[in-house]
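Coordinate analysis (summary)
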Amino acid sequence: MDKILIGKGNRENYILLNKMNRHGLISGATGTGKTVTLKVLTEGLSEAGVPTILADVKGDLANISKPGEMNDKLNSRLEELGISNFDFKNYPVNMWDIYGEKGIPLRVTVSEMGPLMLANILELNDTQTGVLNIIFKVADSEGLLLIDLKDLKQMINFVGENREEISKTYGNVASQSLSAISRKLLFIEDAGGDLFFGEPAIDIGDLIRTDTSGKGLVNILNATKLISNPLLYSMLLLYLLSEIYENFPEVGDLDRPKLAFFFDEAHLLFKNTPKVLQDKIIQVVRLVRSKGVGVFFITQNPLDVPESISSQLSNRIVHQLRAYSPKELKAIKAVADTFRQDESMDLKEEIINLRTGEALVSFADESGAPTVADKALILPPHSSFATLTDEEYRALVGSSPLYTKYKDPIDRESAYEILLERIEREKSEAQRQKELDAQRKELERTQKSNRSQKTYIDKGIDSMLGTITRTIGREIARGLLGSMTKRK
Ligand SMILES: Nc1ncnc2c1ncn2[C@@H]1O[C@H](COP(=O)(O)OP(=O)(O)O)[C@@H](O)[C@H]1O
Ligand SMILES: [Mg+2]
């Protein structure tokens, strides 16, 4: 299969697999059929052996794992579509969740994310970015692993304490920059970053799989909770995209994409997120095309996607849009104008009057040009409309072989543990040194007061005292070493 039937209008509307990397857009007001369209696409891709990553904001995608059932509404839609041999099917699904509550925990290490992306996300200025870079470099040269936020915070302390020395080697490290970075890290931590950063970290290869029957794995990122933190949401999606970009070879146009990515509530990526992050997303979306990856944005209004991205989206599906205010009407005109149209249709009118599960569609054709807009009745999905019961959901998450691999966090020895141990050791050394000094002083005082009544015998005592002092010293030293080896 080299194309996916999405719907029927004046003609059959297919999205071509070899044009999936021209990216796409699914828009429409709430309840007009966006999610169902997304499912139809995902199912077609899975069937063709293409894995997908879907950010699920409403939590209504897990049922792709369950076969659908016939009902009257579905039956009349199939009749209208002229489809008689429709079969119900389910697809291989892995649920992911950075909070580890509604899916396999999805984690990333601080060092994998790297100083640059972190700086983007934290909105650091150039000076602060430079300092973050130094923090990573120092960690590297000291052999300290940066895995979770604890590690990074401890590393910031370490750099702060050794600021002067580090500045000499790496360039100026201002303490204001260090505290600014610490402050900004708190935001990420509050948003759940303490769970997001850690190990075992996600191996991108685990997302890009087919099952034993050759169906593409559907990876659903449960974002129902994550979405309340647009920063973390954008950060995660950008990270995944970047990882894919960096790990995939340059392939140009393939017969079918290697992977397709669907961003639900995509307007969140472009509102309330730092400008640098948005720019980065725009850049990666452009570049990832030549890696054989298709990216689809799902929004309530097509104009929620910035022009620089929108112009790159060659596969368009627009469901009904609301037209209550003059502003909305204007937006609809703008959307209509993005379609290639013939005279037979007034696209503005069509967009306003589309039924549920109906859409204006235009896909890249074999030459890459957009097909003339068509009003299409969208196919129903082969999988279920029903919400999974809690039990079904748990079973879905738990039955994945990857669940066992990722479920338990590992907190191996990294910067935090090592630096903390160093600090502890230095503290106890200082403490013992203090005790030793006090004991020496005490002995000297006794020696002095005895000296006033020195006899020959006293000389013997003197040398005895010397021995005692030495013995105490040795004992202290041994104690020190003992405690050090014990801690190891
Ligand atoms: N292609 C379709 N085939 C069958 N039913 C559909 C289709 N599209 C939408 N529907 C019906 O409309 C409801 C709402 O669609 P949904 O995709 O959840 O809307 P949105 O995601 O835009 O809010 C679905 O639950 C389903 O009952
Ligand atoms: Mg929806």
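Attention here is on the structure that accompanies the text. (Residues numbered from 1 in each chain as written. Chains lettered and ligands numbered in written order. Predicted model: local features only at pLDDT ≥ 70, side-chain atom pairs only at ≥ 80, totals over all residues. Heavy atoms only, no water.)

**Looking at the packing of helix H4 (residues 126–141) against helix H5 (residues 149–161)**
Note the threshold: Whenever a helix is involved, its axis is fitted only over the stretch in contact; in every case the axis is a line through C-alpha atoms, and angles between N-to-C directions fall within 0 to 180 degrees. Runs of H or I in DSSP of at least four residues are treated as helices and runs of E of at least two as strands, each being numbered from the N terminus. Every angle not falling under 35 degrees, over 145, or within 65 to 115 is termed oblique; those three ranges are roughly parallel, roughly antiparallel and roughly perpendicular. Contacts are residue-level and defined by heavy atoms, with any inter-residue pair within 4.5 Å sufficient. Side-chain classes are defined by residue name, with Ala, Val, Leu, Ile, Met, Phe, Trp, Tyr, Cys and Pro counting as nonpolar, Asp, Glu, Lys and Arg as charged, and the others, Gly among them, as polar.
In the contact formed by H4 and H5, the axes pass within 10 Å of each other and the chain directions differ by 95°. Looking at the two axes, H4 sits roughly perpendicular to H5. The residues of H5 that touch H4, namely those facing Leu-132, Ile-135, Phe-136, Val-138 and Ala-139, are Leu-152, Met-155, Ile-156, Phe-158 and Val-159. Residues that form the contact of H4 with H5 fall into these classes: 10 nonpolar, no polar and no charged.

**Some points on the environment of Lys-333**
How we decide: With a 1.4 Å probe rolled over the protein chains alone, any residue whose accessible area is under 20% of its type maximum counts as buried; one over 50% counts as exposed, and the rest are partly exposed.
Relative to the helices and strands, Lys-333 is located in helix H12 (residues 326–337). Looking at Lys-333, the relative accessible area reads 42%, which means it is partly exposed. Measuring from C-alpha to C-alpha, the distance between Lys-333 and Ile-104 comes to 43 Å, with 229 residues separating the pair along the chain.

**Section: the site of ligand 1**
The following threshold applies: Working definition: residue near molecule or strand if any one of its non-hydrogen atoms lies within 4 Å of it. Any N or O atom pair separated by 3.5 Å or less is treated as a polar contact, with the protein-specific requirement of one donor-capable and one acceptor-capable atom, and with residues adjacent in sequence counted only for side-chain atom pairs. Only protein atoms enter the 1 Å grid used here, on which a cavity is any set of points holding a 1.4 Å probe that cannot leave and a pocket is any open set flanked by protein within 12 Å on both sides along at least five of seven lines; residues with an atom within 4 Å of a point are listed as lining. Any molecule with more than half of its atoms within 2 Å of a cavity's or pocket's grid points is counted as sitting in it.
With respect to spatial proximity, 16 residues lie near ligand 1, and among them Gly-31, Lys-34, Thr-35, Val-36 and Leu-379 are the closest. Separating an oxygen atom of ligand 1 from a backbone N or O atom of Gly-31 is a distance of 2.7 Å. Measuring from an oxygen atom of ligand 1, one finds a backbone N or O atom of Thr-32 at 3.3 Å. The pocket occupied by ligand 1, as judged from atoms lying within 2 Å of grid points, is the largest pocket. Taken together, the elements giving at least two residues each to the shell around ligand 1 come down to helix H1 (34–47) and helix H2 (72–81). Here the shell around ligand 1 takes three residues from H1, the largest share from any one element. Of the residues in the shell around ligand 1, the class split is six nonpolar, seven polar and three charged.

**Side note on empty space enclosed by the protein**
Short version of the rule: Grid points are joined across faces, edges and corners, and a volume is the space filled by probe spheres set on the points.
Taken as a whole and assessed by the stated rule, the structure comprises two cavities of 30 Å³ or more. When its volume is computed, the second largest cavity comes out at roughly 30 Å³. The wall of the second largest cavity is formed by Ile-53, Trp-96, Leu-106, Leu-207, Leu-221 and Leu-240.

**A short note on the pairing of strand E4 (residues 52–56)**
With five of five residues buried, E4 lies mostly within the body of the structure. Burial along E4 is two-sided: Thr-52, Leu-54 and Asp-56 facing one way and Ile-53 and Ala-55 facing the other are all buried.

**Here's the deal with the nonpolar core**
Counted only if it meets this: Nonpolar cores are built from buried Ala, Val, Leu, Ile, Met, Phe, Trp, Tyr and Cys residues. Side-chain atoms within 4.5 Å join them into one set.
By size, the foremost hydrophobic cluster in this structure holds 83 residues, and its most contacted members are Met-155 and Phe-297. A total of 10 residues in this core trace back to one element, the largest contributor, which is helix H8 (residues 230–247). Beyond its immediate sequence surroundings of up to four residues, Phe-297 is in contact with Gly-24, Leu-25, Ile-26, Phe-263, Ala-266, Leu-269, Phe-270, Val-285, Val-305, Ile-309 and Leu-313. If you look at the next biggest cluster of nonpolar residues, it comprises 41 residues, including Ala-48, Val-50, Tyr-91 and Ile-220.

**Concerning the packing of aromatic side chains**
Any aromatic ring pair is given by two values, namely how distant the centres are and how the planes are angled relative to each other. In plain terms, the rule: What counts as a ring pair is set by centres within 6.5 Å for rings of Phe, Tyr and Trp (its six-membered ring), and what kind of pair is set by the plane angle: stacked under 30 degrees, edge-to-face over 60, tilted for all other angles. For a ring to carry a charge above it, either NZ of a lysine or CZ of an arginine must fall within 6 Å of the ring centroid while also lying within 35 degrees of the normal to the ring plane.
By the definition in use, this model includes seven aromatic pairs. One aromatic cluster is present, built from ring pairs that chain together Phe-261, Phe-263, Phe-270 and Phe-297. Its guanidinium or amino end placed over the ring of Phe-385, Lys-39 lies 5.7 Å from that ring's centre, counting from NZ or CZ. The lysine or arginine in question, Lys-291, covers the ring of Tyr-245, its NZ or CZ lying 4.3 Å from the ring centre.

**With respect to the pattern of salt bridges**
This is how the line gets drawn: Salt bridges are defined as contacts in which a side-chain nitrogen from Lys or Arg sits within 4 Å of a carboxyl oxygen from Asp or Glu.
One pass over the structure, following the stated rule, counts 26 salt bridges. A salt bridge links Arg-422 to Glu-142, with the nearest nitrogen and oxygen atoms 3.1 Å apart. One end of the pair, Arg-422, is in helix H16 (residues 415–451); the other, Glu-142, is in the loop between H4 and H5, with 280 residues separating them in the sequence. In this structure Arg-422 comes out as partly exposed when scored by relative accessible area, which is 25%. Judged by relative accessible area, Glu-142 falls into the partly exposed class, the value being 34%. Note that Arg-322 and Glu-328 form a salt bridge whose closest N and O atoms lie 3.1 Å from each other. Exposure remark for Arg-322: the relative accessible area of 46% places this residue in the partly exposed category. Shared partners join several salt bridges into a network, and the residues in it are Glu-47, Asp-87 and Lys-89.

**Quick notes on the environment of Leu-217**
Turning to its location among the elements, Leu-217 is positioned in the loop between helix H7 (175–196) and strand E7 (218–222). A residue is classified by how much of its surface remains accessible, and Leu-217, at 9% relative accessible area, is buried. A C-alpha to C-alpha distance of 9.7 Å links Leu-217 and Thr-42, two positions 175 residues apart in sequence. Residue contacts for Leu-217: discarding those within four places in its chain leaves Pro-51, Thr-52, Pro-92, Val-93, Asn-94, Asp-206, Leu-207, Arg-209 and Thr-210.

**Structural notes on the side chain of His-23**
Structurally, His-23 is set in the loop between strand E2 (12–16) and strand E3 (24–27). Setting aside its immediate chain neighbours within four residues, His-23 contacts Val-285, Val-288, Arg-289, Val-293, Gly-294, Val-295, Phe-296, Gln-312, Leu-313, Ser-314 and Asn-315.

**Considerations on the sheet that holds strand E9 (residues 293–299)**
For clarity, the cut-off: Note on pairing: two strands pair once DSSP finds at least 2 bridges between them.
A sheet is described by the order of its strands in space; here 12 strands give the open sequence E2-E1-E12-E11-E10-E3-E9-E8-E4-E7-E5-E6, paired in mixed fashion. What marks the edges here is a single partner per strand, and that holds for E2 and strand E6 (104–105). Bridge analysis of strand E10 (residues 315–318) against strand E11 (residues 358–362) gives three bridges, and the strand direction is antiparallel. Counted as the bridge partner of Ile-317 is Val-361 from E11.

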